[in-house]
Each structure stands twice: as structure tokens, then as C-alpha cells.
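Here's the letter readout for the chains.
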Amino acid sequence: FVSPRGDRAVASVEITSFTAFTLFEFCVFSLLILHFITGTGRRVAIRVNMAIFFIAETYIYFRAYPRAPVYTMSLLELMALMPPCVLYFYELFTTMNTKALKDRASFWIVIGILYLGACSLTLLLSYEYMGRFGEGAYALGNIFYSILFLSFMRAYKCSPGEKAVT
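In this text, all values refer to a predicted model and were calculated from it rather than measured experimentally.

*Asks:* It is not clear to me how the overall build of the protein should be interpreted in this structure. Could you clarify?
*Replies:* Tallying secondary structure elements over the protein gives 6 helices and 0 strands in all. When the elements of the protein are put in sequence order from the N terminus, they spell out α-α-α-α-α-α. A buried classification covers 37% of the 166 residues belonging to the protein. A separation threshold of at least 6 residues defines the contact pool for the protein, and within that pool the share at least 24 residues apart is 70%. Entry remark: accessible area of the protein is about 10300 Å², with carbon and sulfur atoms responsible for 69%.

*Asks:* How should the packing of aromatic side chains be read in this particular structure?
*Replies:* In this structure the tally under the stated criterion is 9 aromatic pairs. Ring centres of Phe89 and Phe107 lie 6.2 Å apart, and the angle between their planes is 85 degrees; this geometry places the pair in the edge-to-face category. Placement of Phe89 in helix α3 (residues 70-94) and of Phe107 in helix α4 (residues 105-126) is noted, with a sequence separation of 18 residues between them. Take Phe89 and Phe107: they sit in the same class, and that class is buried. Cluster of aromatic residues (ring-pair linked, three or more members): Tyr88, Phe89, Phe93, Phe107 and Trp108.

*Asks:* Looking at this model, I keep getting lost on helix α6 (residues 140-156). Mind explaining?
*Replies:* The periodicity of an α-helix, 3.6 residues per turn, causes residues three or four places apart in sequence to face the same way. With 17 residues, α6 should reach 24 Å at 1.5 Å per residue; the first-to-last C-alpha distance of 25 Å fits that figure. Three or more residues of α6 are buried, namely Gly141, Phe144, Leu148, Ser151 and Ala155. One face of α6 carries all of its buried residues, which in axial projection span an arc of 75 degrees. In α6, those exposed residues whose orientation departs by more than 90 degrees from the buried face are Asn142, Leu150 and Tyr156.

*Asks:* Please clarify how the side chain of Glu77 should be interpreted in this entry.
*Replies:* Relative to the helices and strands, Glu77 is located in helix α3. Excluding residues within four positions of it along the chain, Glu77 makes contact with Thr22, Glu25, Phe26 and Phe53.

*Asks:* Explain the packing of α3 against α4 to me, please; I cannot follow it from the model alone.
*Replies:* Contact geometry for α3 and α4: axes closest at 9 Å, N-to-C directions at 145 degrees. For the crossing formed where α3 meets α4, the hand is left-handed. Of α4, the residues touching α3 (which contributes Tyr71, Ser74, Leu75, Leu78, Met79, Leu81, Met82, Cys85, Tyr88, Phe89 and Leu92) are Ser106, Phe107, Val110, Ile111, Ile113, Leu114, Gly117, Ala118, Ser120, Leu121, Leu124 and Leu125.

What counts and what doesn't
- Residues numbered from 1 in each chain as written.
- Predicted model: local features only at pLDDT ≥ 70, side-chain atom pairs only at ≥ 80, totals over all residues.
- Heavy atoms only, no water.
- Helix = DSSP H or I, 4+ residues; strand = E, 2+ residues; numbered from the N terminus.
- Buried < 20%, exposed > 50% of the residue type's maximum accessible area, 1.4 Å probe, protein only.
- Contact = heavy atoms within 4.5 Å.
- Areas by Shrake-Rupley, 256 points an atom, 1.4 Å probe, with all protein chains shown as cover.
- Phe/Tyr/Trp six-rings, centres within 6.5 Å; stacked < 30°, edge-to-face > 60°.
- Expected span 1.5 Å × (residues − 1).
- Arc of directions from axis to C-beta.
- Axes fitted to C-alpha atoms, helices over the stretch in contact; angles between N-to-C directions.
- Left-handed = near helix turned anticlockwise from the far one by under 90°.

Here it is as C-alpha cells:
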């Protein structure tokens, strides 16, 4: 569809909605992880990571507009999701807690996010080397999101005894 002004309105809406979804997804995942972090310094680090990501993603969007920098924006999101996950696991394994990992909702949430990030990052990095199979391999993202939602469902089945920091 070409608008009356002559620009490509559909492409513009597509890249804008992709950017909005990426920002929303990153904020939701970071806030989910932040919810279970108790260390003040680590909580500040996650907030700074969120602010830097938001600024970088917005910069990439406006710099590349109206082209679609989907690859760059996706890589940035996946790389920015790794530090909060690492901070969660650092805190998890440096504090003493008698509750088994399989009974912790936070563990299942963060492991799902980490799995999604690691697999999607690997897929995106190898995407250009797949040749004609690249488009089909891109559909693997749906499987990664399905595994993420399965881990969220497993987290829902855990007992609510875990205290969250607000």
C-alpha cells in the first residue's frame, strides 16, 4: 500500500509496531527478572541496562527509519537480555536457600527467558549463512517462544512461597 503522499505506509507501520513490541517485550522480561533480584546494586544495574537499551533501540529506529533494522534491533534486545539473567543466576547461587530449583517460579521464568535469548541469538547470528533455508529457519522463533511459554506455565505451577522484592 502506498499512501497518497507516496511513502510506504504499511512498511512504516510494520517497523514501528516491531520496535514497539521489542521495547515492550524487553521491558516485561527485565521487570520479571528485576522482581526477583534482592541486591540493590544488581537492581540498579538492571535498571541502567533497561535505560541504555531503550536509548539504543530508539536511536537505531530513528537512524534507520524508514528502512527496517529488524536484525540489528533483535540482536540488541537479545544481547541486552543476557546480563539480567546472569545477575539473577549469580544471586541465586550465592545466596543460601533450601528450596529446590524446580520449586522456584523465578527459576523457571528466568530459564525460559535465557533459553529464548540464547537460541534466538544463535539463530540470528547464523541466519545469513543458511542461504535459501534462512526463511524457513526463521520460523524456529515460534518454537522458542512456545518453550518460553511452557516454562512460564511450569512457573505458574510452583507454590507461591517465594518472596518478591518490590
